[in-house]
Amino acid sequence: MSKPKILVARAIFPETIERLSQHFEVESNQSDESWSKEQLIARLQGKQGAFTTGSERIDAAVLDACPDLKICANMAVGYNNFDVDAMTAHGVLGTNAPDVLTETTADFGFALLMATARRIAESEHFLRAGKWQKWSFDMFAGSDIHGSTLGIIGMGRIGQGIAKRGAHGFGMKVIYHNRSKLDAALEAECKASYVSKEELLKTADHVVLVVPYSPASHHTIGAAEIALMKPTATLVNIARGGIVDDAALAVALREKRIAAAGLDVFEGEPKVHPDLLTVPNVVLTPHIASATVPTRRAMADLAADNLIAYFGGKGPLTPVTPVPGK
Ligand SMILES: NC(=O)C1=CN([C@@H]2O[C@H](COP(=O)(O)OP(=O)(O)OC[C@H]3O[C@@H](n4cnc5c(N)ncnc54)[C@H](OP(=O)(O)O)[C@@H]3O)[C@@H](O)[C@H]2O)C=CC1
Ligand SMILES: O=C(O)C(=O)[C@@H](O)[C@H](O)[C@H](O)CO
């Protein structure tokens with residue numbers, strides 16, 4: 001029997017390609033070229049499965065043009081690159097890669113918070129530029145992490161990981177906002193209290209965003225929300241580009257309406273709003289929150305496992321679209 005045909009849309013570990021090749025006829029983008037939508041559609045012709053990353057938009061145009069496609073397995077927990085309604089209407093399954101990256105991403109969220117609040121990147125640039133001539137009482141004085149109030153918007157798996165690090169490791173008071181409240185046992189584990197978004201923005205010393213991107217969460221933080229925050233507050237976005245209005249944030253940072261921001265994700269990335277590149281009080285990283293070697297391997301393994309389980313007749317492991325018969 002011939003093997004199902006799959007497309008691996010971006011360069012990935014050679015071991016993952018080897019493993020997939022045991023089950024599938026694999027075409028892969030190991031040169032990591034940037035494909036246009038037309039090129040993606042051309043490569044997907046005759047393929048029953050796709051190994052995708054957050055970079056490939058799977059929408060009605062792609063689905064209409066690729067009638068053989070049955071499943072797209074994302075090597076990411078976020079799946080806002082999938083048009084879930086269009087995939088459901090076309091009977092194409094989507095899977096994501098949850099859990100395996102939770103702790104690694106929470107570590108990074110906390111690292112970015114600390115770098116931002118304690119002005120680590122800004123002070124390092126100052127030192128490297130040869131500007132350090134003397135000690136002074138307020139040189140790069142930032143804000144404290146320990147004992148401060150941490151506000152988390154998007155208190156899911158990763159948000160809870162950050163909350164535990166803050167509450168148990170740094171004695172922070174943790175407040176959070178979701179559309180729904182966590183159950184009491186989870187709140188106790190995270191030492192966290194539910195508040196409205198407005199109260200969170202007004203009272204938190206540090207606001208961390210870990211909410212998935214959707215039309216409902218578009219510009220969760222814009223000029224009006226920033227205006228509610230303390231002038232000494234920091235804002236960290238490890239969620240997705242589009243959760244923050246980057247243009248409004250750049251203005252707020254320049255005018256010191258909040259103290260600082262740490263951003264791993266950007267509207268229209270890999271492009272970054274030019275004004276963010278020129279304000280000093282922001283730490284910018286290129287979407288690397290899940291980037292440790294073991295975690296990237298685990299994410300690739302889970303995406304591959306989803307394809308293998310589905311074509312092996314077991315059904316997808318971590319579906320994000322409805323699964324027929326379930
Ligand atoms: N920078 C990076 O490299 C990475 C970024 N991410 C991002 O982090 C996101 C979260 O991942 P994970 O924690 O595993 O996901 P979860 O689904 O476990 O958590 C998401 C949380 O957000 C809340 N939420 C969803 N929509 C809204 C909304 N409109 N307003 C307020 N709260 C909302 C949910 O609660 P409720 O439904 O009650 O609202 C839930 O608690 C991913 O979707 C991805 O975009 C993840 C990994 C790495
Ligand atoms: O999992 C997610 O949602 C992410 O944002 C990151 O872990 C990925 O690196 C990125 O999406 C590429 O697939």
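None of the values given here were measured: they were computed from a predicted structure. (Residues numbered from 1 in each chain as written. Chains lettered and ligands numbered in written order. Predicted model: local features only at pLDDT ≥ 70, side-chain atom pairs only at ≥ 80, totals over all residues. Heavy atoms only, no water.)

Caption draft 1: Seen up close, the site of ligand 2. All residues adjacent to ligand 2 are Thr53, Gly54, Met75, Ala76, Val77, Gly78, Leu101, Arg240, His287, Ser290, Arg296 and Met299. At 2.8 Å, a backbone N or O of Val77 approaches an oxygen atom of ligand 2. In isolation ligand 2 exposes 330 Å². Once the protein is present, 84% of that is buried. Its residues assigned to classes, the shell around ligand 2 comprises five nonpolar, five polar and two charged. (Near = heavy atom within 4 Å. Polar contact = N/O pair within 3.5 Å; in protein donor to acceptor, adjacent residues only side chain to side chain. Areas by Shrake-Rupley, 256 points an atom, 1.4 Å probe, with all protein chains shown as cover. Nonpolar A, V, L, I, M, F, W, Y, C, P; charged D, E, K, R; others polar.)

Caption draft 2: Representation of the sheet that holds strand E3 (residues 49-52) within the structure. On the basis of which strands lie adjacent, the open sheet formed by five strands has the order E2-E1-E3-E4-E5 and parallel pairing. Edge positions in the open sheet fall to strand E2 (25-28) and strand E5 (93-95), since each of these has one partner strand only. Across this sheet, the average inter-strand angle for adjacent strands is 15°, counted without regard to direction. Looking at chain direction, strand E1 (residues 5-8) and E2 are connected through four bridges and run parallel. For Lys5, the partnering residue across the bridge sits in E2 and is Glu25. (Pairing = 2+ DSSP bridges. Helix = DSSP H or I, 4+ residues; strand = E, 2+ residues; numbered from the N terminus. Axes fitted to C-alpha atoms, helices over the stretch in contact; angles between N-to-C directions.)

Caption draft 3: Looking closely at the sheet that holds strand E6 (residues 149-153). Reading across from one edge, E8-E7-E6-E9-E10-E11-E12 is the order of the seven strands in this open sheet, with parallel pairing throughout. Both outer strands of the open sheet, strand E8 (192-194) and strand E12 (282-284), are each paired with one neighbouring strand and no more. Across this sheet, the average inter-strand angle for adjacent strands is 20°, counted without regard to direction.

Caption draft 4: Geometry of the site of ligand 1. By nearness alone, 24 residues border ligand 1, and Arg157, Arg179, Ser180, Ile238 and Asp264 come closest of all. Interatomic distance of 3.0 Å between a backbone N/O atom of Ile158 and an oxygen atom of ligand 1. A distance of 3.0 Å separates an oxygen atom of ligand 1 from a polar atom in the side chain of Asn178. Notes on ligand 1: free accessible area 930 Å², of which the protein chains cover 85%. Of the residues contributing to the shell around ligand 1, the split by class is 11 nonpolar, nine polar and four charged.

Caption draft 5: Representation of the packing of aromatic side chains within the structure. Taken as a whole, this structure holds five aromatic pairs when the rule is applied. The interplanar angle of 75° and the centroid separation of 5.3 Å between the aromatic rings of Tyr176 and Tyr194 together place this pair among those described as edge-to-face. Here the residue Tyr176 occupies a position in strand E7 (residues 173-177), and Tyr194 occupies one in strand E8, the gap between them amounting to 18 residues. According to the relative accessible area criterion, Tyr194 is partly exposed, its value standing at 28%. Seen from their ring centres, Tyr310 and Phe311 are 4.8 Å apart, and the 75° between their planes marks the pair as edge-to-face. The class of Tyr310 is partly exposed, set by a relative accessible area of 22%. For Phe311, a relative accessible area of 25% puts it in the partly exposed group. (Phe/Tyr/Trp six-rings, centres within 6.5 Å; stacked < 30°, edge-to-face > 60°. Buried < 20%, exposed > 50% of the residue type's maximum accessible area, 1.4 Å probe, protein only.)

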